[in-house]
Amino acid sequence: MFLSKLVGDIGEKRRWWQYKARVKQLPENYRTAVEAFEHYLMYFGARGGVSMFEDLIDLFEQSAVDGISIRAVVGEDPVEFIEAFAQNYEGASWITRHQERLVSAIERAAGEGPIG
């Protein structure tokens with residue numbers, strides 16, 4: 001189990017650095033938009049891990065290739081756009097994980113769940 005967590009973490013880190021390399025390859029205006037969304041998502045709790053950021057970069061890479069303007073992608077309200085985008089990843093938020101850990105710890109402490 002420890003090894004799988006370690007390998008999983010290494011895999012996630014590799015995917016993260018691949019994502020960051022892809023961001024650097026975007027045209028400057030698309031890169032600025034993606035970095036702004038990334039900052040927003042990180043500040044408010046990235047909900048879907050690396051997968052969410054990979055999907056975001058996929059969208060912006062394809063939009064850049066197709067010549068679709070940033071406004072055409074995100075609309076008039078970038079907050080509404082990124083919140084709707086992030087809702088697809090709700091189940092994996094860091095706060096949800098911490099809430100689940102808290103519930104599990106209390107259940108174990110109360111003798112209601114497995115110990116350990």
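Everything numeric here is computed off the predicted structure, so don't read it as measured data. (Residues numbered from 1 in each chain as written. Predicted model: local features only at pLDDT ≥ 70, side-chain atom pairs only at ≥ 80, totals over all residues. Heavy atoms only, no water.)

*Asks:* I keep staring at the packing of aromatic side chains and nothing clicks. Help me out?
*Replies:* Each aromatic ring pair is described using two quantities: the centre-to-centre distance and the angle formed by the ring planes. For the coordinates displayed, the defined rule picks out 7 aromatic pairs. An angle of 50° between the planes, with centres 5.3 Å apart, marks the rings of Phe 37 and Phe 81 as tilted. Of this pair, Phe 37 sits in helix H2 (residues 28–43) while Phe 81 sits in helix H5 (residues 78–87), and the two are 44 residues apart along the sequence. Of the two residues, Phe 37 and Phe 81, neither departs from the other in class, the shared state being buried. Linked through ring pairs, Tyr 30, Phe 37, Phe 60, Phe 81 and Phe 85 together constitute an aromatic cluster. (Phe/Tyr/Trp six-rings, centres within 6.5 Å; stacked < 30°, edge-to-face > 60°. Helix = DSSP H or I, 4+ residues; strand = E, 2+ residues; numbered from the N terminus. Buried < 20%, exposed > 50% of the residue type's maximum accessible area, 1.4 Å probe, protein only.)

*Asks:* Can you help me understand the nonpolar core in this one?
*Replies:* Soluble globular proteins tend to bury their nonpolar side chains together. Within the largest apolar cluster, 22 residues are counted, with the highest numbers of intra-cluster contacts made by Val 34, Leu 56 and Phe 60. Those elements giving two or more residues to this core turn out to be helix H1 (2–25), H2, helix H3 (49–66), helix H4 (70–74) and H5. With 6 residues, the top contributor of residues to this core is H3. For Phe 60, the contacting residues outside a window of four places in its chain are Leu 26, Tyr 30, Ala 33, Val 34, Phe 37, Val 73 and Val 74. (Core = buried A, V, L, I, M, F, W, Y, C linked by side-chain atoms within 4.5 Å. Contact = heavy atoms within 4.5 Å.)

*Asks:* Just to check I follow, could you spell out the environment of Phe 37 for this structure?
*Replies:* Phe 37 sits in the buried class, given a relative accessible area of 8%. Setting aside anything within four residues of it in sequence, one finds Phe 37 in contact with Leu 56, Phe 60, Val 74, Pro 78, Phe 81 and Ile 82.

*Asks:* I tried to follow H3 on my own but got confused; where do I start?
*Replies:* The terminal C-alpha atoms of H3 lie 27 Å apart, and with 18 residues this matches the ideal 26 Å at 1.5 Å per residue to within 8%. Backbone geometry just after H3 places Gly 67 at a positive phi near 75°. (Expected span 1.5 Å × (residues − 1).)

*Asks:* Explanation requested: the packing of H2 against H5 in the structure shown.
*Replies:* The relative placement of two packed helices is expressed as an angle between their axes plus a distance between the axes. Two numbers describe how H2 lies on H5: the axes approach to 11 Å, and their chain directions differ by 60°. Here H5 runs oblique to H2, going by the angle between their axes. The handedness of the crossing between H2 and H5 is right-handed. Between H2 and H5, the residues in contact are Phe 37, Tyr 40 and Leu 41 and Pro 78, Val 79, Phe 81, Ile 82, Glu 83 and Ala 86, respectively. Of the residues in the contact of H2 with H5, the class split is 8 nonpolar, no polar and 1 charged. (Axes fitted to C-alpha atoms, helices over the stretch in contact; angles between N-to-C directions. Parallel < 35°, antiparallel > 145°, perpendicular 65-115°, else oblique. Left-handed = near helix turned anticlockwise from the far one by under 90°. Nonpolar A, V, L, I, M, F, W, Y, C, P; charged D, E, K, R; others polar.)

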